[in-house]
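# Close look at the chain arrangement
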Amino acid sequence: MTTTTVLSACGGFTARRNIHIQARNVLKSAAISSPASCGQQYDTAAAAAAAAATATNTTAAVTTTTITLCSRLNVSQIYSSMSTNYWVLAALLLIVASSFPANTNALPRRMHGRHLILPHHHHVHLRSAGQEHHPPQHLVKASNCTNPNMSVTQEQISKAIQVSEQTRHVILELLEKWLRIHMNLSDEPAAAARYALHFLQLEHPLKDEANNTDYDGTDTQSPDIELPKIYASLSIVHHLMEIVCQNLTRNVYDNYFKFIVEKINHNKHVAFSMLNLPESCDVVPDYSYNKEHDLLEYAVVKESLKILHVIEKKYKVMLENLSQAQIVG
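Presented here is an overview of the structure given in this document. Note that this is a predicted model, so its numbers are computed, not measured.

### So, the packing of aromatic side chains
Scanning the entire structure with this criterion turns up four aromatic pairs. Centre to centre, the rings of Tyr231 and Phe272 are 5.2 Å apart; their planes meet at 40 degrees, and the pair counts as tilted. Highlighted residues: Tyr231 in helix H8 (residues 223-245) and Phe272 in helix H9 (residues 250-275), separated in sequence by 41 residues. Of the residues examined, Tyr231 reaches a relative accessible area of 7% and is grouped as buried. Judged by relative accessible area, which is 6%, Phe272 ranks as buried.

Listed below in structure tokens is the structure:
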């Protein structure tokens, strides 16, 4: 491209100014691709502009042509750089795609829908039905886990009564302290009133007795019938409590719920020791519960208190029956 400019004595300044403006505009657009080469062209353009004050029309035309060629060269370099970047991006995408093993579930859990069932907060609200089935952890049902020759002593039952009573009082104290400090509730009855329309619906062998506020233990049968139900119920509530604790803050867990879990676990092992079974039988039965409860940790602790009340009544009846049997014998 050739431009002809008439340079007069009065118009030389205007021509030089226009040439400098054109040079700057071209160099700004080309700075990303090749700063060094455009700097050299700018020097050329500036020199040409200085000469243009006294030179002929041909000098101005050559300078303008040089700037135009620089612009075309820089545009070509930009397209070349973009093409190279696209090839690099394509190669990276191929590497990432090849990193996923074949025939495996390598997708994020949200794409598999697992985020709907895995707990992420202590208020876990499912998008499905409220009654959620929960499979146990360590568990294939152990065989030969009955002991027809079970022999429970009065000393063992007396110890179980003592442990259950102490545990119930300690858990209630910890629960009310947590409710008062962290939940702004005065005591457990206040929490029960607030969540009166929310039900845990935890399935365990002592569910009916636990839901009976007037339960007195008069339906208690022999230890070989009652102890497996007591152990299973304590195992279930202990297992669920461990799940709930995974979503608590460190402060709340360390100061309250850690001790609650330990107390329930102690009662579970007291019952298991009276069953006189091998360790392979120390398993958690299958169970279900309502995950939509608004304060799940409170509901589980409340259920454990109800279970402890029931087994305390049953232990006392068992102890009385053993005492009478010993007198008769």
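There's plenty left to go through after this.
### What about the pattern of salt bridges?
Under the criterion given, the structure shown has eleven salt bridges. In this structure, Glu209 and Lys314 form a salt bridge, with 3.9 Å as the shortest nitrogen-oxygen distance. Placement of Glu209 in helix H7 (residues 207-210) and of Lys314 in helix H10 (residues 296-328) is noted, with a sequence separation of 105 residues between them. Of the two residues, Glu209 and Lys314, both sit in the buried class. Between Asp254 and Arg250 there is a salt bridge, with the nearest N and O atoms lying 3.3 Å from each other. In this pair, Asp254 and Arg250 are both assigned in helix H9, four residues apart and thus about one turn of the helix distant.

### Focus on the environment of Asn255
Locating Asn255 in the fold gives a position in helix H9. Taking the C-alpha atoms as reference points, Asn255 and Leu174, 81 residues apart in sequence, are found 8.6 Å from one another. One polar contact links Asn255 to Asn251, side chain to side chain, over a distance of 2.6 Å.

### A short note on the state of the cysteines
Within this structure, the stated rule accounts for one disulfide. Bridging Cys145 to Cys281, the disulfide has an S-S length of 1.9 Å. Given an S-S torsion of about -90 degrees, the disulfide between Cys145 and Cys281 has left-handed geometry. Remark: Cys281 occurs in the loop between H9 and strand E2 (287-290) and Cys145 occurs in the loop between strand E1 (131-134) and helix H5 (154-182); sequence separation between them is 136 residues.

Each value, and the rule that gives it
Residues numbered from 1 in each chain as written. Predicted model: local features only at pLDDT ≥ 70, side-chain atom pairs only at ≥ 80, totals over all residues. Heavy atoms only, no water. Phe/Tyr/Trp six-rings, centres within 6.5 Å; stacked < 30°, edge-to-face > 60°. Helix = DSSP H or I, 4+ residues; strand = E, 2+ residues; numbered from the N terminus. Buried < 20%, exposed > 50% of the residue type's maximum accessible area, 1.4 Å probe, protein only. Salt bridge = Lys/Arg side-chain N within 4 Å of Asp/Glu carboxyl O. Polar contact = N/O pair within 3.5 Å; in protein donor to acceptor, adjacent residues only side chain to side chain. Disulfide = S-S within 2.5 Å.

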